[in-house]
Amino acid sequence: MRTEIAIIGAGPAGLLLGQLLHTYGIDNVILERQTADHVLGRIRAGLLEEGTVALLDEAGVGQRARHEGLVHRGIELAFDGARHRIDIHGATGKTVTIYGQTEVTLDLMNARKAAGLATIYQAADVRPRDFDTDHPRVSWVSDGAGHEIDCDFIAGCDGFHGVSRASVNPQAIRTYERVYPFGWLGILSETPPVSHELIYSNHARGFALCTMRSTHRSRYYVQCPSDDHIDQWPDDRFWDELKRRLDQKAVDELVTGPSIEKSIAPLRSFVAEPMRFGRMFLAGDAAHIVPPTGAKGLNLAASDVHYLSGALREYYGEKSSAGIDNYSAIALARVWKAVRFSWWMTSILHKFPEQGEFGARIQLAELNYLVSSKAASAALAENYVGLPF
Ligand code: APR
Ligand code: PHB
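Residues numbered from 1 in each chain as written. Chains lettered and ligands numbered in written order. Predicted model: local features only at pLDDT ≥ 70, side-chain atom pairs only at ≥ 80, totals over all residues. Heavy atoms only, no water.

Engineer: Can you tell me about the packing of aromatic side chains, naming the residues and giving the values?
Structural biologist: Under the counting rule described, the total for this entry stands at 16 aromatic pairs. Considering the side-chain rings of Phe 238 and Trp 239, the 5.6 Å spacing of their centres and the 80° angle between planes classify their relative orientation as edge-to-face. Across the pair, Trp 239 and Phe 238 agree in class, each one buried. Three or more aromatic residues joined by ring pairs make a cluster, and in this case those are Phe 153, Phe 281, Tyr 315, Tyr 316 and Tyr 327. Sitting over the face of the ring of Trp 233, Arg 237 holds its NZ or CZ atom 3.6 Å from the ring centroid. The residue whose ring lies beneath Arg 279 is Phe 153, and the NZ or CZ to ring-centre distance is 4.7 Å. (Phe/Tyr/Trp six-rings, centres within 6.5 Å; stacked < 30°, edge-to-face > 60°. Buried < 20%, exposed > 50% of the residue type's maximum accessible area, 1.4 Å probe, protein only. Lys NZ or Arg CZ within 6 Å of the ring centre and 35° of its normal.)

Engineer: Could you give an account of the site of ligand 1, with specific residues and numbers?
Structural biologist: Surrounding ligand 1, one finds 24 residues, the nearest of these being Ala 13, Glu 32, Arg 42, Arg 44 and Asp 285. Residue Ala 13 places a main-chain N or O atom 2.9 Å away from an oxygen atom belonging to ligand 1. Asp 285 places a main-chain nitrogen or oxygen 2.8 Å from an oxygen atom of ligand 1. Contact with the protein chains hides 91% of the accessible area of ligand 1, taken as 700 Å² for the molecule alone. For the shell around ligand 1, the secondary structure elements donating two or more residues are α1 (12–23) and α10 (297–317). Per-element tally for the shell around ligand 1: the top contributor is α10, with 3 residues. The residue inventory of the shell around ligand 1, partitioned by class, reads 10 nonpolar, 8 polar and 6 charged. (Near = heavy atom within 4 Å. Polar contact = N/O pair within 3.5 Å; in protein donor to acceptor, adjacent residues only side chain to side chain. Areas by Shrake-Rupley, 256 points an atom, 1.4 Å probe, with all protein chains shown as cover. Helix = DSSP H or I, 4+ residues; strand = E, 2+ residues; numbered from the N terminus. Nonpolar A, V, L, I, M, F, W, Y, C, P; charged D, E, K, R; others polar.)

Engineer: Lay out the packing of helix α12 (residues 356–372) against helix α13 (residues 374–384) with the relevant residues and their values.
Structural biologist: In the contact formed by α12 and α13, the axes pass within 5 Å of each other and the chain directions differ by 95°. As far as their axial angle goes, α13 and α12 are roughly perpendicular. Where α12 approaches α13, its residues Tyr 369, Leu 370 and Ser 372 are matched on the opposing element by Lys 374, Ala 376, Ser 377 and Leu 380. Each residue belonging to the contact of α12 with α13 can be placed in one class, and the counts come to 4 nonpolar, 2 polar and 1 charged. (Axes fitted to C-alpha atoms, helices over the stretch in contact; angles between N-to-C directions. Parallel < 35°, antiparallel > 145°, perpendicular 65-115°, else oblique. Contact = heavy atoms within 4.5 Å.)

Below, the structure written as structure tokens:
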């Protein structure tokens, strides 16, 4: 078998890259370890920057996000018993769209199927090979038999635990990491959202976030100890804890109901440098992780894919290597800015074990400054809607 680009991983990064390359006439095959249903069963964040929606349009899959997505022009910050609105649109002229990652993935999978593009699901033991030569290939096992595909380039879009980054010579890669001393317990419920806009709450008991997937489906999170297990959090305990971290108006308006999904996610910041190793590129979670505060994960995967697809288009269309040679530096410059923003939002909103009363007061001072200074709220807004790419 042969293709131009062998893509490892059918998450949002791999699927979006495949779709964009297809529109540029570049042949690609995706190898995915799981089944499509398994990939679609993972609940992740659901907030798209305008740049991400535009990229979905470019890939021909933006229609449903534009039609069904909820456009938001502001967010609310809750602290000290009160809520304060940040006018994101007023500060930037831009909006964000609430549209679940699962829906993005489904739209991309449907478009891929409709275009007749090859995706090999349940590919076991996938291995990128010889990417430091001019003849890279990827091997895998399907139905007990070994297979191989020759390609021009490999795109490692296989997430944080994938095989692509792990296949690189440790001498050639540098990683930067911060693990936060807490997790996010999230639930999805078939209930109307408590508020039209997202509420980010800093509370002495820990952070809470009220978000949504639609006008009738809500997503709520509370900060919890990293080693908590989901069995310790029956629905009633979750709702009680959420209410304790919200203002009275929100408590009065909150509609509770049975959870239809519940999970605990660890919080981590991680960056691997560079994002290119010979004829293999990394994109999305394979190269970097951000804590979910600010919902930058999927949007960063999209900006990586924008840079990488553009570079490959230039390579095939103009026979120029300039784009692929610059990919890592350009992508990392934006990645680090989002890593900083996600770290900063995490640090002002969560309760840290070591912060003490001094740290808690500093957080409140910063939040008060944020909601009272035009310059400070504009800086938040500019990052929240996504830096340009
Ligand atoms: N072989 C083949 N596929 C693999 C392998 C492997 N060894 N390891 C992982 N994968 C697949 C996973 O099963 C998954 O479907 O790669 C895909 C990676 O998808 P994501 O983890 O979703 O990562 P990415 O596409 O970069 O998406 C980035 O979406 O998933 C969120 O938190 C993430 O919001 C971030 C954004
Ligand atoms: C979500 O909708 O899941 C979400 C939204 C905003 C965030 C994090 C998660 O900052």
